[in-house]
Amino acid sequence: MLTVVHGWPVRWSLLLGLPILFTLAACGHTTKNYQEYHRITASGAFSARDKLADETTLTDDELSQKGYAPIGAIDISSVKPPDINDIKHEAAGKGADLIKVDISSQTGNETTKTCLDLLSTSNDMTGGGGNNFAGCQNYSVENTTVNLSVIKGSLWRHDPQEKAR
């Protein structure tokens, strides 16, 4: 029997009377010892630039002497390496002329625990319910090393006094 739940087709299990999708979701989980995030922030509302922000290797003092001021920060940690052109595009949208970035890598770990005996059941008698829920006696545990791309940097603008209108 096929049913649609939240826009997803779900096939019902005749043995359990529960959707297989929900049975599988209840029988496995992943633990990560790292966090993925993507933040490119500006310290104010600046008008967007028409072209991609350029990447620079100048020092902060050199940029200041050339009339640039820092207007924001880049802080990204991701399993999937971000495209530098996407970062430049997003920085330009925040009003940056230049970006200064430091790209490094970091190692993280993921532990995936999956139930091997999906058809086992256990009685949950809490609250006087007496309901049968899918339980698991045997698990498969897989440890994976994950390489993260870490990008830290700053956004720079030549005319920081020009705010968005």
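See the structure printed just above.
Every value quoted in this text rests on a predicted model; they were computed, and no experiment measured them. (Residues numbered from 1 in each chain as written. Predicted model: local features only at pLDDT ≥ 70, side-chain atom pairs only at ≥ 80, totals over all residues. Heavy atoms only, no water.)

Visitor: How would you sum up the overall build of the protein? Please name residues and give values.
Guide: Looking only at helices and strands, the protein has three helices and 10 strands in total. Sequence-ordered secondary structure for the protein, helices as α and strands as β, is β-β-α-β-β-β-α-β-α-β-β-β-β. The buried share of the protein, reckoned over its 165 residues, is 28%. Sequence-distant contacts, at least 24 apart, represent 81% of the contacts inside the protein between residues at least 6 apart. (Helix = DSSP H or I, 4+ residues; strand = E, 2+ residues; numbered from the N terminus. Buried < 20%, exposed > 50% of the residue type's maximum accessible area, 1.4 Å probe, protein only. Contact = heavy atoms within 4.5 Å.)

Visitor: Break down the nonpolar core for me, with residues and values.
Guide: If you look at the biggest cluster of nonpolar residues, it comprises 13 residues, and the most contacted ones within it are Ile74, Ile87, Ile99 and Leu155. Secondary structure elements with two or more residues in this core: strand E6 (69-78), helix H3 (84-93), strand E7 (98-115) and strand E10 (139-157). Considering each element in turn, this core owes the most residues, three residues, to E6. The contact partners of isoleucine 74, leaving out residues within four places of it in the chain, are Arg39, Ile40, Ile87, Ile99, Val101, Ile151, Lys152, Gly153, Ser154 and Leu155. (Core = buried A, V, L, I, M, F, W, Y, C linked by side-chain atoms within 4.5 Å.)

Visitor: Tell me about the pattern of salt bridges, and please be specific about residues and values.
Guide: Considering all chains together, one arrives at five salt bridges under this definition. Of the charged contacts in the structure, one is a salt bridge between aspartate 75 and arginine 39, with a shortest N-O distance of 3.5 Å. Separated by 36 residues along the polypeptide, aspartate 75 in strand E6 and arginine 39 in strand E4 (residues 37-42) bring together distant segments of the chain. The salt bridge involving arginine 49 is made with aspartate 97; its shortest N-O contact spans 2.7 Å. Of this pair, arginine 49 sits in the loop between E4 and strand E5 (54-55) while aspartate 97 is found in the loop between H3 and E7, placing the two residues 48 residues apart along the sequence. Judged by relative accessible area, arginine 49 falls into the partly exposed class, the value being 22%. (Salt bridge = Lys/Arg side-chain N within 4 Å of Asp/Glu carboxyl O.)

Visitor: Break down the packing of aromatic side chains for me, with residues and values.
Guide: Counted by the stated rule, this structure contains zero aromatic pairs. A cation sits over an aromatic face here: lysine 113 above tyrosine 139, 4.3 Å from the ring centre. (Phe/Tyr/Trp six-rings, centres within 6.5 Å; stacked < 30°, edge-to-face > 60°. Lys NZ or Arg CZ within 6 Å of the ring centre and 35° of its normal.)

Visitor: I'd like to hear about the environment of glycine 67, residue by residue, with values.
Guide: If you trace the backbone, glycine 67 turns up in the loop between helix H2 (60-65) and E6. In the structure, glycine 67 is positioned 89 residues away from tryptophan 156 in sequence and 9.8 Å away in space, judged by C-alpha atoms. Those residues in contact with glycine 67 that lie beyond four places of it in its chain are Arg157 and His158.

Visitor: Give a description of H3 that names residues and reports values.
Guide: An α-helix turns once per 3.6 residues; consequently, residues spaced three or four apart project the same way. For H3, the complete set of buried residues consists of Ile87, Lys88, Ala91 and Ala92. Projected down its long axis, H3 carries its buried residues within an arc of 135°, all on one side. Summarising the geometry of H3, the exposed residues directed more than 90 degrees from the buried face are Asp86 and His89. Considering only its buried residues, H3 is in contact with E4, E5, E6, E7 and E10. (Arc of directions from axis to C-beta.)

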